[in-house]
Amino acid sequence: MRLSIFPLPGAVLFPGLQLPLHIFEPRYRALVGDALARDRRIAMIQPQQPRQDSPLFAVGCTGIIEDVETTEDGRYNIVLEGEQRFRMIRELDVDTLFRQIEAEMIDEPEDEYLSSVERASLEQESRRFADVRGYSVDWDSVERLDDVSLVNGVSQIAPFDPAAKQALLEAASLKERCELLVQLMQFFGAPGGDEDRVTLQ
């Protein structure tokens, strides 16, 4: 599959979740305009370094533009709905302002769930992490989430470094992602820890 990409460090999209984006650079305004004229699909993937021509990580996630607002000066505010993970095969040589790749879609396992012990461990660590970081969380709503939404949701919004977020995205199963997520919350949520600490680099 040919995909138009938005390589944004630290922004990881998971299937079934939403990601709001403010689009102001000309090349990405062109990307959104092209997507709106075709299938409304944009592929989110992280660059390995924060520069325009950086090599890309291997795995990303496609998103469908669900909501769009255009400002008077041509910028966009969009909301992407996560669709499906993909694995990049190669980057294409194109004339467009935005980069494009050839990719294969990753089939997601069906009916994934956590054991009661895994779920309890994740919720407990999430509460501790939120307390350490001073976050206000509606825990009643969290408890009503299904396992996939909980694991992927925390993975997407948690303030981890780009490499850690990439590792979560690339996890092969829900259980593997949950286990890694707990480990990362323990690492980044250590009392008195350095908020700028980096892992997995």
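Residues numbered from 1 in each chain as written. Predicted model: local features only at pLDDT ≥ 70, side-chain atom pairs only at ≥ 80, totals over all residues. Heavy atoms only, no water.

Q: I'm lost on the overall build of the protein chain in this one. Help?
A: When you go through the protein chain residue by residue, the secondary structure sums to six helices and six strands. Each helix and strand of the protein chain, placed in order from N terminus to C terminus, yields the pattern β-β-α-β-β-β-β-α-α-α-α-α. Relative to a compact globule of 201 residues, whose C-alpha radius of gyration would be 17 Å, the protein chain shows 18 Å and is just as compact. With the C-alpha coordinates aligned to their principal axes, the bounding extent of the protein chain is approximately 50 × 35 × 30 Å. Evaluated residue by residue, the protein chain yields a buried proportion of 43% over its 201 residues. Across the protein chain, the 21 positively charged side chains and the 37 negatively charged ones have centroids separated by 3 Å. (Helix = DSSP H or I, 4+ residues; strand = E, 2+ residues; numbered from the N terminus. Rg over C-alpha atoms; globule rule 2.2 N^0.38 Å. Buried < 20%, exposed > 50% of the residue type's maximum accessible area, 1.4 Å probe, protein only. Lys, Arg positive; Asp, Glu negative; His and termini not counted. Charge placed at Lys NZ, Arg CZ, Asp CG, Glu CD.)

Q: Looking at this structure, how should I read the layout of surface pockets?
A: To locate leftover empty space, one rolls a probe as large as a water molecule over the atoms. Of the pockets and cavities examined, the largest pocket occupies roughly 400 Å³. Along the walls of the largest pocket sit 17 residues, with Val137, Val142, Gly153, Val154 and Ile157 positioned nearest its centre. Counting residues per element, the lining of the largest pocket draws most heavily on helix 4 (residues 147-157), at five residues. The residue makeup of the lining of the largest pocket, split by class, is 14 nonpolar, three polar and no charged. Computed from the structure, the second largest pocket encloses a volume of approximately 250 Å³. For the lining of the second largest pocket, the secondary structure elements donating two or more residues are strand 1 (2-7), strand 2 (18-23) and helix 1 (26-37). (1 Å grid on protein atoms, 1.4 Å probe; cavity = no way out; pocket = protein on both sides within 12 Å on 5 of 7 lines; lining within 4 Å. Points joined across faces, edges and corners; volume = space filled by probe spheres on them. Nonpolar A, V, L, I, M, F, W, Y, C, P; charged D, E, K, R; others polar.)

Q: Teacher, can you tell me more about the environment of valine 182 here?
A: Looking at where valine 182 falls in the secondary structure, it is placed in helix 6 (residues 174-188). Under the relative-accessibility criterion, valine 182 is labelled buried at 11%. The spacing of valine 182 and isoleucine 89 is 93 residues in sequence and 31 Å in space, taken between C-alpha atoms. Not counting chain neighbours up to four residues away, the residues in contact with valine 182 comprise Ser121, Leu122 and Glu125. (Contact = heavy atoms within 4.5 Å.)

Q: Just checking my understanding: could you explain the environment of proline 50 for this structure?
A: For proline 50, the location among the structural elements is in the loop between strand 3 (41-45) and strand 4 (59-70). The class of proline 50 is exposed, set by a relative accessible area of 77%. It is 8.2 Å that separates the C-alpha atoms of proline 50 and leucine 8, two residues lying 42 residues apart in sequence.

Q: So what exactly am I meant to see when it comes to the confidence of the model for the protein chain here?
A: The predicted coordinates ought not to be read in detail in places where the model reports low pLDDT. This prediction gives the protein chain a mean pLDDT of 91; 95% of its residues lie at or above 70. The spread of mean pLDDT over the elements of the protein chain runs between helix 3 (residues 139-144), the lowest at 89, and strand 6 (residues 100-105), the highest at 98. (pLDDT = per-residue confidence, 0-100.)

Q: I would appreciate a short explanation of empty space enclosed by the protein in the present structure.
A: Taken as a whole, this structure holds one cavity of 30 Å³ or more when the rule is applied. By volume, the largest cavity is sized at about 40 Å³. Taken together, Ala11, Val12, Leu13, Met44, Ile45, Gln46, Val59, Gly60, Cys61, Gln166 and Leu169 make up the lining of the largest cavity. Counting residues per element, the ones that place at least two in the lining of the largest cavity are strand 3, strand 4 and helix 5 (162-170). The element best represented in the lining of the largest cavity is strand 4, accounting for three residues. A class-by-class count of the residues in the lining of the largest cavity yields eight nonpolar, three polar and no charged.

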